[in-house]
Structure formats: structure tokens, C-alpha cells
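So you can see what is in the structure, the chains are spelled out below.
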Amino acid sequence: MDLKKVIENTIVPMNFSVEEKTACYDKIIRCVKDILPNKLYRFRTCSERSLSAFYNDELWFSNGSTMNDDFDARLYYDRKRIEKWLKSFLSENGGLTVIEKLVTMEEPPLKILNLVPNAKDVFENLKRMPKEQIVASSNSLIQYLLSNLDVELKNTTEQVQQKTKFACFTQKIYSDMMWGQYSSNATGFALEYEFDGENIITYLVNNTQDRIWANLFPVIYDNKRLDTTEYAAYLFQIKILSAVAQNVGFMYDPAWINAVVPCPDEFMATKLAIKKSTDWKAEKEWRLFYTTSNMMLAREKFSYIIQKPSGVYLGRKISKINQKIIVDIAKEKGIPVYKMDFNENSRNYKLKKCRII
């Protein structure tokens, strides 16, 4: 089964039921499980932070904007389509069609009444507001967005990158290139992880009802970026609706914003972050994505879960003091330690591992 096609063709609308969403993800989960390696590796430098994380079994996640690939989790959009879409919100009078439609109603939609505490009062005030004022305010907002489209699109892209958090792994522990690039020229170490054949892991947060979900996916390498124009348009729609709502007196609440404009594909942020250029194909990368029901944790720039490694590998050129520190930690954890070295009996450009303890 072509995992690339399965992932890119999977669309999970926000307004789907739990059963429908589960059905969407099931096919992907089965495909990923079929190719999930028994072991994955995470290269580390011998920094105080990395050694502390190893000691405490902390597996840290970073956001897309901190990666060494500037395209990581970066939106690709057709600017002309976005501009055309924005203009479609304006009526012949120059106002927002959604607002003009709202003021012609006898009562606000039941969905808004149920979600927004002050909806009735705001609706009545909106109906009493001069039409010219509504048109001017709506037109001003759209024209501002059109005039600052490049800046706004850049801001939207940065927000997506910052909200998408993942941890990077590889299948290639014997690659000298990987050791040189991600472990300070082979002076660092690498941690081995076994996920027991599961690509979705759930953690409880401090024995509360809050949960963290860690979803494991292979990186898909391609010459073309994923087209996320419709997703970018959705994010813009949220921005417009939020601005208009606050201008007319609605209390901002993501719950009712999402109810009025549901996300067309909740899987898009993940699809975007597992797509990379074929320039990086040699890395054979996997990514563990971080999502949580705890909003405070979700807003953190860096997050972590507790995941004990199953082994540790030392770089060929690691210092004696760092080797001793790592070996002592590994002994305490009861996990094996290997050291990388040249394989002089092979013509391949591959290292070999030698077990120390």
C-alpha cells in the first residue's frame, strides 16, 4: 500500500463524529504499523540539557520553526487563490456577505446562541447599527488583509510552525553522516527507543484527566511541497471572523469560532510536517508528534514526555568524561551501552557498534 497516497488523501474534517474520525485514521495506523521498525534512534550532543534529559528519561519535542530545515511545517499556498478567496467575502456593496446575511435574520442562528453568552444582545445591536458603518468596517478589514497579504500569510505560516511540535528519530544508527551532522561530529551519543510496535502512545498528565498523545509517522520525501492553500484559507477565515466578532462585541471563544467555521482537515498540520524534500531522504527520519488536551501544555514552546530509552550509543570521538557520565547513567537504568567504530573489514561506508556494558 502506498503510504504517501494514503496520508495525502486522508482528510479529517473537524465536524466529523468520533467514529468517522477513527475510521479516517485507522487505515493510516495500519500502514504505519506495517513498516514501523523495532528500534529508532535519536542523536544527541553532550550538552547539559541532553544529559539531564537522558538521566530523567525525558523525551523533548521542538516546534517546526526550530528545525534545521527551513521548510519544516511550512505552509505552501497559491497567493492568487487566497486573494481571490478573500475578495469573494465582499458583497456588491463592499461589506462582508456573512454580516449582511446575519442582519437580515429575525433571530441569530441557534448554534451561535448556544455557544456565545452575549449573542442575543450583540445581534440586536448589530441590527440597529447603520448599514454604512457595517459596510465600512467590513470593507476596511478585507482591504487591510489584501494590502498586507504577504505579511499576514507569513504570520500564519509562522504560527503553524510554532504550534506543530515533534521529536525526530532515524533508522540509521550506522551512518557516519548522521553522527557527524547530528551528534557534534561524533562526539555525542544516540538513544535507542522501542515503541513496541505502536505508533500512537497515550500518557496521563500528573494523574489528571488531561492526556498527551504521541503519534509516530515516517517522513515522506518528495520533490513537491504539499499544497495547503485551502488550509491557509481556513486559517485566514478564522482570523477574519475573530476580528469581525470582536469589532461588533462578541466575546472571543475558539469553541464558537470553530463551530461556525470548522477546520476542513485536522490532519493537515501533521501531513505538512511529515513532508520533506528528497534532499533529506538519506536520513530515513521518523517523527513523533505531540498533542494534548491540556491547553497550558499545548502553548509551551517545548514539551516532553517520559519515555525510557532501551539502549545508548556513544560517538567514536566522545570525550572520556562524557563517556563515563553516560555509562554511569546507563548502568543505573540497566540498559546496554555501545560505542561506534570503523568497520575495517567492510568496503561499505558504515560504522559498527561494539558493546561496552
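Scope of this entry: the structure provided in the associated data block. Just so it is clear, the model here is predicted, and its values are computed rather than measured. (Residues numbered from 1 in each chain as written. Predicted model: local features only at pLDDT ≥ 70, side-chain atom pairs only at ≥ 80, totals over all residues. Heavy atoms only, no water.)

Further remarks concern the side chain of Lys 165. Mapped onto the fold, Lys 165 is located in strand β3 (residues 165-170). Within polar-contact distance, the side chain of Lys 165 engages the backbone oxygen of Leu 297 at 3.1 Å. The residues touching Lys 165, leaving out its near neighbours within four places in the chain, are Phe 61, Ser 62, Asn 63, Leu 288, Phe 289, Tyr 290, Leu 297, Ala 298, Glu 300, Lys 301 and Ser 303. (Helix = DSSP H or I, 4+ residues; strand = E, 2+ residues; numbered from the N terminus. Polar contact = N/O pair within 3.5 Å; in protein donor to acceptor, adjacent residues only side chain to side chain. Contact = heavy atoms within 4.5 Å.)

In this section: the nonpolar core. Of all hydrophobic cores here, the largest spans 49 residues; its most connected members are Phe 54, Phe 169, Leu 288 and Ile 305. With sequence-adjacent residues up to four places away left out, Phe 169 is seen in contact with Leu 40, Tyr 41, Arg 42, Leu 59, Tyr 193, Phe 195, Lys 284, Glu 285, Trp 286 and Leu 288. Counting 25 residues, the second-largest nonpolar core is a separate cluster that includes Phe 89, Leu 149, Ala 233 and Tyr 234. (Core = buried A, V, L, I, M, F, W, Y, C linked by side-chain atoms within 4.5 Å. Buried < 20%, exposed > 50% of the residue type's maximum accessible area, 1.4 Å probe, protein only.)

Attention shifts here to the layout of surface pockets. Within this model, the largest pocket holds a volume of roughly 1,700 Å³. Taken together, 40 residues form the lining of the largest pocket, with Lys 163, Tyr 231, Ala 269, Met 295 and Ala 298 sitting closest to its centre. Contributing elements (two or more residues each) for the lining of the largest pocket: α9 (149-163), β6 (211-218), α11 (229-248), α12 (254-260), α13 (268-273), β9 (285-292) and α14 (295-298). If you tally residues by element for the lining of the largest pocket, the top one is α11, at six residues. Across the lining of the largest pocket, the residue classes tally to 20 nonpolar, 12 polar and eight charged. What lines the second largest pocket is a set of 35 residues, and nearest its centre among them are Arg 42, Phe 43, Arg 44, Ser 62 and Cys 168. Of the residues in the lining of the second largest pocket, the class split is 18 nonpolar, eight polar and nine charged. (1 Å grid on protein atoms, 1.4 Å probe; cavity = no way out; pocket = protein on both sides within 12 Å on 5 of 7 lines; lining within 4 Å. Points joined across faces, edges and corners; volume = space filled by probe spheres on them. Nonpolar A, V, L, I, M, F, W, Y, C, P; charged D, E, K, R; others polar.)

Glancing now at the packing of aromatic side chains. As enumerated under the stated definition, the model contains 14 aromatic pairs in all. Between Tyr 25 and Phe 267, the aromatic rings sit 5.6 Å apart at their centres with planes inclined by 85 degrees, giving edge-to-face as the arrangement. With Tyr 25 in helix α2 (residues 18-35) and Phe 267 in the loop between α12 and α13, this pair connects stretches of sequence that are 242 residues apart. Here Tyr 25 falls in the partly exposed class, since its relative accessible area comes to 26%. (Phe/Tyr/Trp six-rings, centres within 6.5 Å; stacked < 30°, edge-to-face > 60°.)

Turning next to the environment of Asn 258. For Asn 258, the position within the fold is in helix α12. A sequence separation of 20 residues divides Asn 258 from Ile 238, and the C-alpha atoms of the two residues are 8.0 Å apart. Once residues lying within four places of it in the same chain are set aside, the contact partners of Asn 258 are Met 14, Tyr 234 and Ile 238.

A few words now on the pairing of strand β4 (residues 189-193). Burial analysis of β4 places five of its five residues in the buried class, which makes it a mostly covered element. Alternating residues of β4 divide into Phe 189, Leu 191 and Tyr 193 and Ala 190 and Glu 192, and every residue in both groups is buried. Examined bridge by bridge, β4 and strand β11 (residues 311-314) share four bridges and lie antiparallel to one another. Note that in β11 the partner of Leu 191 across the bridge is Val 312. (Pairing = 2+ DSSP bridges.)

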